[in-house]
Amino acid sequence: MKVDILAIGAHPDDVELGCGGTLAKLISEGKTVTVVDLTQGELGTRGTNLTRAEEAANASKILGFSDRVNLKMKDGFLQNSEEYQMQIVRVIRKYQPEIVFANSIDDRHPDHAKASKLISDACFLSGLVKIETTLDNENQKAWRPKQIFNYIQWKNVTPHFVVDVSDFMSKKIEACLAYKTQFYDPTSKEPMTPISSKDFLESLTYRAQDLGRLSGVDFAEGFTSEKLLAFKNFDGIVL
Ligand SMILES: [Zn+2]
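Residues numbered from 1 in each chain as written. Predicted model: local features only at pLDDT ≥ 70, side-chain atom pairs only at ≥ 80, totals over all residues. Heavy atoms only, no water.

A tally of regular secondary structure across the chain gives six helices and nine strands. For 239 residues, the compact-globule estimate of 2.2 N^0.38 gives 18 Å, and the C-alpha radius of gyration of the chain, at 17 Å, lies within 12% of that figure. Overall, the C-alpha framework of the chain stretches about 50 × 45 × 30 Å when taken along its three principal axes. A total of 239 residues make up the chain; the buried ones form 49% of that total. In the chain, 81% of the contacts between residues at least 6 apart in sequence involve partners at least 24 apart. (Helix = DSSP H or I, 4+ residues; strand = E, 2+ residues; numbered from the N terminus. Rg over C-alpha atoms; globule rule 2.2 N^0.38 Å. Buried < 20%, exposed > 50% of the residue type's maximum accessible area, 1.4 Å probe, protein only. Contact = heavy atoms within 4.5 Å.)

Here it is as structure tokens:
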């Protein structure tokens, strides 16, 4: 059950939009990635929770996630409650990830920043041995992920570091477009939303290109880190 990376998002599609290229890259290097969607995105203006679930399954196939779970929390009303924290603690202990990717620390959709704090607190609580949880009647072991990285979403949050996703940009866009009801589709009869515009779709590419311009690669995804990051060596740095 153990995975290298748990990528968590408030809504199905957050993970693909925020860090799809980085996850595709990590998977190509042999890492295992499981995705946790906190809500079903049931308040989304376009589509339904059913179309969203189907789209999430298609996106998972494109990116090669080993598993994807939905915690069915209440879309639009995420809160940093004990109930929600404990739901995430159980998932963290089940998958025992070294690294957790989480929503942006500040964003247009109020669920995103709330999710980032909720996930961060759950990661801490998951490491406390006196918090007891069970899964299938078995006691779970305490587990605290080593790193939490927050991907960037609607707002231009200044990243602490970027990942070169040049070879994985097309895969990321393909995974995002698997959410057919959510993004730009000139034939759709559904109401327009900020993320269904042509501009938003294009912004995925031009933002990655701009972060790439600043860091000397073709395309990059940016992250903030809770902890101060240390390099073991300089081998992975783009020169
Ligand atoms: Zn979202």
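As a further point, take the coordination of the zinc ion. At the metal site, the zinc ion is ligated by His-11 (ND1), Asp-14 (OD), Asp-14 (OD) and His-112 (NE2), and these contacts range over 2.0 to 2.7 Å. Angles of 53 to 120 degrees at the metal separate the four donor atoms of the zinc ion, which places the site in the irregular class. Spacing between the donor residues of the zinc ion along their common chain follows H-x2-D-x97-H. Note that His-11 is positioned in the loop between strand E1 (5-9) and helix H1 (14-28) and His-112 in helix H4 (residues 110-126), a separation of 101 residues in sequence. We classify His-11 as buried; its relative accessible area is 4%. Relative accessible area serves as the criterion here: at 8%, His-112 is assigned to the buried category. (Donors = N, O, S within 2.8 Å, 3.2 Å for Na, K, Ca; no water. Tetrahedral: all angles 85-135°; square planar, octahedral: opposite > 155°, others 65-115°.)

Turning next to the sheet that holds strand E4 (residues 99-102). Strand order in the open sheet formed by seven strands is E3-E2-E1-E4-E7-E9-E8, with mixed pairing between adjacent strands. Whereas interior strands pair on both sides, the edge strands pair on one side only; in this sheet they are strand E3 (67-73) and strand E8 (161-164). Geometrically, the sheet is characterised by an average inter-axis angle of 25 degrees between neighbouring strands, direction not taken into account. Inspection of the sheet shows strand E7 (residues 147-151) paired to strand E9 (residues 220-225) by three bridges, in the antiparallel sense. What sits directly across from Asn-150, in E9, is Thr-224. Running over the sheet, helix H6 (residues 198-215) touches E8 and E9 and is turned about 80 degrees from E9. (Pairing = 2+ DSSP bridges. Axes fitted to C-alpha atoms, helices over the stretch in contact; angles between N-to-C directions.)

With 15 residues, H1 extends 21 Å between its outermost C-alpha atoms, agreeing within 8% with the 21 Å of an ideal straight helix rising 1.5 Å per residue. The sharpest bend along H1 comes to roughly 75 degrees, located at Gly-20. The buried fraction of H1 is high, at 13 of 15 residues. Just downstream of H1, Gly-30 is the residue with a positive phi angle, here 95 degrees. (Expected span 1.5 Å × (residues − 1). Bend = angle between axes of the 7 residues up to and from the residue.)

Residues Val-15, Leu-23, Phe-65 and Phe-101 are the most contacted members of the largest nonpolar core, which totals 34 residues. For this core, the element with the most residues is H1, which contributes seven residues. With sequence-adjacent residues up to four places away left out, Phe-65 is seen in contact with Val-15, Glu-16, Leu-23, Ile-27, Val-33, Val-35 and Ser-60. Residues Leu-6, Ile-92, Leu-118 and Leu-125 belong to the second largest nonpolar core, which totals 26 residues. (Core = buried A, V, L, I, M, F, W, Y, C linked by side-chain atoms within 4.5 Å.)

Turning to the pattern of salt bridges, a few remarks are in order. On inspection of all chains with the given rule, the structure shows ten salt bridges. Among the ionic pairs, Lys-2 bridges to Glu-98, the shortest N-O distance being 2.9 Å. Within this pair, whereas Lys-2 is found in the segment before E1, its partner Glu-98 is found in the loop between helix H3 (82-95) and E4, the two being separated by 96 residues in sequence. With relative accessibility at 42%, the residue Lys-2 sits in the partly exposed group. The exposure class assigned to Glu-98 is partly exposed, which follows from its relative accessible area of 26%. For Glu-98, the salt bridge identified is with Lys-146, shortest N-O distance 3.0 Å. You can see Glu-98 sitting in the loop between H3 and E4 and its partner Lys-146 sitting in the loop between strand E6 (138-139) and E7, a full 48 residues away along the chain. Sharing partners across several salt bridges, the network here consists of Lys-2, Glu-98 and Lys-146. (Salt bridge = Lys/Arg side-chain N within 4 Å of Asp/Glu carboxyl O.)

Further remarks concern a nonpolar patch on the surface. Residues Phe-231, Phe-234, Ile-237 and Leu-239 make up a contiguous nonpolar surface patch of about 570 Å² in total accessible area. Among the secondary structure elements, Phe-234 is positioned in the segment after E9. (Patch = residues over 30% accessible without salt bridge, like charges linked within 9 Å, V, L, I, M, F, W, Y side chains within 5 Å. Areas by Shrake-Rupley, 256 points an atom, 1.4 Å probe, with all protein chains shown as cover.)

Between H1 and helix H5 (residues 169-177), whose axes approach to 8 Å, the crossing angle comes to 140 degrees. Taken together, the axis directions place H1 and H5 in an arrangement best described as oblique. For the pair H1 and H5, the sense of crossing is right-handed. Contacts from Glu-16, Leu-17, Gly-18, Gly-20, Gly-21 and Ala-24 in H1 reach Lys-171, Lys-172, Ala-175 and Cys-176 in H5. Per-class residue counts for the contact of H1 with H5 are four nonpolar, three polar and three charged. (Parallel < 35°, antiparallel > 145°, perpendicular 65-115°, else oblique. Left-handed = near helix turned anticlockwise from the far one by under 90°. Nonpolar A, V, L, I, M, F, W, Y, C, P; charged D, E, K, R; others polar.)

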